[in-house]
Amino acid sequence: MRLMGYPEDALGSGEAVLIHTRTHWKALLGAIVWLALGVVAFVLLLTLLPDGGFEDVIRWVGGAAIVIALLWFTLWPLIHWLSSSYTITDQRIMDRTGIIRQKGRNIPLMRVSGVSFEKDLVDRVLGCGTLRIESSAQSTDVVFRDVPNVENVQRLLTDLITSRPGAD
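It should be emphasised that the depicted structure is a prediction, and the values quoted were computed from it without experimental measurement.

Participant: I would appreciate a short explanation of the overall build of the protein chain in the present structure.
Facilitator: Along its length, the protein chain carries four helices and seven strands. Secondary structure of the protein chain in N-to-C order comes out as β-α-α-β-β-β-β-α-β-β-α. In terms of overall size, the protein chain is more extended than a compact globule, its C-alpha atoms giving a radius of gyration of 22 Å where 168 residues would be expected to give roughly 15 Å. Overall, the protein chain is about 80 × 35 × 30 Å in size when its C-alpha atoms are taken along their principal axes. When the 168 residues of the protein chain are sorted by exposure, 33% land in the buried category. Long-range pairs, those at least 24 residues apart, make up 51% of the contacts in the protein chain between residues at least 6 apart in sequence. Put simply, the protein chain shows about 10600 Å² of open surface, and 62% of that area lies on carbon and sulfur atoms. Side-chain charges in the protein chain split into 16 positive and 17 negative, and the spacing between the mean points of these groups amounts to 3 Å.

Written out as structure tokens, the structure is:
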């Protein structure tokens, strides 16, 4: 679990950051596959088409289409991943995402009634999982996907909500 810096002006008075992390790099696996496929397609386009008039047009148009697709399917997920984070403080859970249009969610720990996690086989191998937070303020569970070291995060949150004053 990496602790990264978090802007002090985003915290309440006396609030301390316990965990600040991005989603697991597993979220980029699709982009990595698209990048590999795009590079292969580009190389095939350059090597299989013979030199000539119409083939040069196909090569340029196809190359441009591949580059645009690579930007959409690889760069966009990378930017989204870089701009998304989960933060747990001693008072709340925060979820932030976005560069141009930012979205955020805060869940006060006093509203959390339960925390669970799920890990499939790939998650177990990669060391991440899905965190489900039961909150009295939400009608459905709040779900955070691809949380690194999800079991440790679940354990920390459980300790925080059971040790707070007035916890059952």
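After presenting the structure, the write-up continues.
Participant: Which parts of the structure should I look at to understand helix H1 (residues 29-48)?
Facilitator: Given 3.6 residues per helical turn, the α-helix brings residues three or four places apart onto the same face. Over its 20 residues, H1 runs 28 Å from end to end, which matches the ideal 28 Å to within 8%, given 1.5 Å per residue. Those residues of H1 that sit buried are Ala31, Gly38 and Leu45. Relative to the axis of H1, the buried residues are bounded by an arc of 50° and lie together on one face. In H1, the exposed residues that point more than 90 degrees away from the buried face are Thr47 and Leu48. Buried positions along H1 lie against helix H2 (53-82).

Participant: Would you mind showing me how to read the nonpolar core here?
Facilitator: When a protein is soluble and globular, its nonpolar side chains tend to lie buried together. If you look at the biggest cluster of nonpolar residues, it comprises 18 residues, and the most contacted ones within it are Ile93, Val112, Leu131, Ile133, Phe144 and Leu157. The set of elements that each furnish at least two residues to this core consists of strand E2 (85-89), strand E5 (112-118), strand E6 (128-135), strand E7 (142-148) and helix H4 (150-163). Ranked by the residues each element gives to this core, the list is headed by H4, at five residues. If near-sequence neighbours (up to four positions away) are discounted, leucine 131 is found in contact with Val115, Ser116, Phe117, Val142, Val143, Phe144, Val147, Val150, Val153, Gln154 and Leu157.

Participant: When you look at the confidence of the model for the protein chain in this model, what are you seeing that I'm missing?
Facilitator: Caution applies to low-pLDDT regions: their predicted coordinates should not be interpreted in detail. Of the residues in the protein chain, 90% have a pLDDT of 70 or more, and the chain-wide mean is 87. The element-level mean pLDDT for the protein chain is lowest in strand E4 (residues 103-108), coming to 89, with helix H3 (residues 121-126) highest at 95.

Participant: Can you help me understand unusual backbone geometry in this one?
Facilitator: For residues that are not glycine, phi is negative in most cases, and the peptide bond is trans in most cases. Phi angles above zero are rare outside glycine, and aspartate 146 is one such case at about 55°. Owing to a relative accessible area of 15%, aspartate 146 belongs among the buried residues under this scheme. One non-glycine residue, asparagine 149, lies in the positive phi region at around 50°. When you line up the elements, asparagine 149 lands in the loop between E7 and H4.

Calculation rules
Residues numbered from 1 in each chain as written. Predicted model: local features only at pLDDT ≥ 70, side-chain atom pairs only at ≥ 80, totals over all residues. Heavy atoms only, no water. Helix = DSSP H or I, 4+ residues; strand = E, 2+ residues; numbered from the N terminus. Rg over C-alpha atoms; globule rule 2.2 N^0.38 Å. Buried < 20%, exposed > 50% of the residue type's maximum accessible area, 1.4 Å probe, protein only. Contact = heavy atoms within 4.5 Å. Areas by Shrake-Rupley, 256 points an atom, 1.4 Å probe, with all protein chains shown as cover. Lys, Arg positive; Asp, Glu negative; His and termini not counted. Charge placed at Lys NZ, Arg CZ, Asp CG, Glu CD. Expected span 1.5 Å × (residues − 1). Arc of directions from axis to C-beta. Core = buried A, V, L, I, M, F, W, Y, C linked by side-chain atoms within 4.5 Å. pLDDT = per-residue confidence, 0-100.

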